[in-house]
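Survey of secondary and tertiary structure
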Amino acid sequence: MARGKIQIKRIENTTNRQVTYSKRRNGLFKKANELTVLCDAKVSIIMFSSTGKLHEYISPSVSTKQFFDQYQMTVGIDLWNSHYENMQENLKKLKDVNRNLRKEIRQRMGDCLNDLSMEELRLLEEEMDKAAKAIRERKYKVITNQIDTQRKKFNNEREVHNRLLRDLDARAEDGRFEMMENGGADYESVIGFSNLGPRMFALTLQPTHPANNNPHHTGQQPASDLTTYPLLF
C-alpha cells in the first residue's frame, strides 16, 4: 500500500511532536554522516528542540572552531566581532547599573543630594524610614531572643537554688545533722550572703546513735560524714 502524504504543519500534540522531532533528527544526522563518509564533505548541524535542548552534529575530520573559521573566511564576515560588540554593550550597561547603585548608597549616607528634586528627596526619605523600621524590628527581635535565653537560664539556676534550699531545710530538721561553717556554728550564723560569690555551708552527721549501739565501742570519736554545697543566689 502506498504511503500517504503528510501535511507539513505544526503538530499540536506535544507527545507526537517530540517523537517526530526525535525520529527526524536521527534521520538527518544519519544522512549527514553518510554525506561526510561518501563525499568527504564537512558537515555541521546545530538543532534546538522546542524545549531548548541542544543537538548537534559535526564531521569527525574538523572541529567546531575550524568549521566556523572556514565559514567566516568563505562568507567574509566576522562572527566573533559581533559577539565582542554585544559583550561590550552588556559591559556598558553593567557599569551604568553599578554607578547608579553607588550613587544611591552615597545618597543614603547623606551625600550627592544637591541634584535631587523635592519629590526625589521625599521618596528617598520614605525609603530611609522603611529601612530604619526594618532594622529596628530586626534589632528588637534579637534583643527579645537574648532576653528569653537569659530568662530561661535564670529560671534554671533559681530552680537549682530552691532545690538546694529544700534539701538544706530537710537536713536541718533531722536531729542527726547539724550546721557547721569554719569549724562550727549554729544555723543562723551559717546562712549569709557574700558580694564576692556563693557562701559555703557544710552538713555533718553526728555519731550519736551508731556509737551507743556498738558493744565494742572504744571511746574514740568516729569520723563525720561531711557534705558541702554552694549556696546559689
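Residues numbered from 1 in each chain as written. Predicted model: local features only at pLDDT ≥ 70, side-chain atom pairs only at ≥ 80, totals over all residues. Heavy atoms only, no water.

Oppositely charged side chains can form a pair if their charged atoms are brought close together. The full count for this structure, using the stated rule, is nine salt bridges. Measuring nitrogen to oxygen at the nearest pair gives 2.3 Å for the salt bridge that ties Glu119 to Arg122. Within this pair, Glu119 and its partner Arg122 are both found in helix 4 (residues 118-173), separated by three residues, close to a single helical turn. The class of Arg122 is partly exposed, set by a relative accessible area of 36%. One network of salt bridges, in which partners are shared, links Glu119, Arg122 and Glu126. (Salt bridge = Lys/Arg side-chain N within 4 Å of Asp/Glu carboxyl O. Helix = DSSP H or I, 4+ residues; strand = E, 2+ residues; numbered from the N terminus. Buried < 20%, exposed > 50% of the residue type's maximum accessible area, 1.4 Å probe, protein only.)

We now examine the pairing of strand 1 (residues 44-48). Looking down a regular strand, the side chains alternate between one sheet face and the other. Residues Ile45 and Met47 point to one face of strand 1 and are all buried, whereas Ser44, Ile46 and Phe48, pointing to the other face, are not buried. When strand 1 meets strand 2 (residues 54-58), the two strands line up antiparallel, connected through five bridges. Residue pairing in the sheet places Ile46 in a bridge with Glu56 of strand 2. (Pairing = 2+ DSSP bridges.)

What follows deals with the layout of surface pockets. Estimated volume of the largest pocket: approximately 300 Å³. Along its surface, the largest pocket is lined by 13 residues, and Lys9, Ile11, Arg17, Thr20 and Arg24 are the ones closest to its centre. Sort the elements by how many residues they give to the lining of the largest pocket and helix 1 (residues 14-39) lands first, with five residues. In terms of residue class, the lining of the largest pocket is made up of five nonpolar, three polar and five charged. Considered as a void within the structure, the second largest pocket measures approximately 230 Å³ in volume. Every residue along the wall of the second largest pocket is listed here: Asn100, Lys103, Glu104, Gln107, Arg108, Leu116, Glu120, Leu123, Leu124 and Glu127. Classifying every residue of the lining of the second largest pocket gives three nonpolar, two polar and five charged. (1 Å grid on protein atoms, 1.4 Å probe; cavity = no way out; pocket = protein on both sides within 12 Å on 5 of 7 lines; lining within 4 Å. Points joined across faces, edges and corners; volume = space filled by probe spheres on them. Nonpolar A, V, L, I, M, F, W, Y, C, P; charged D, E, K, R; others polar.)

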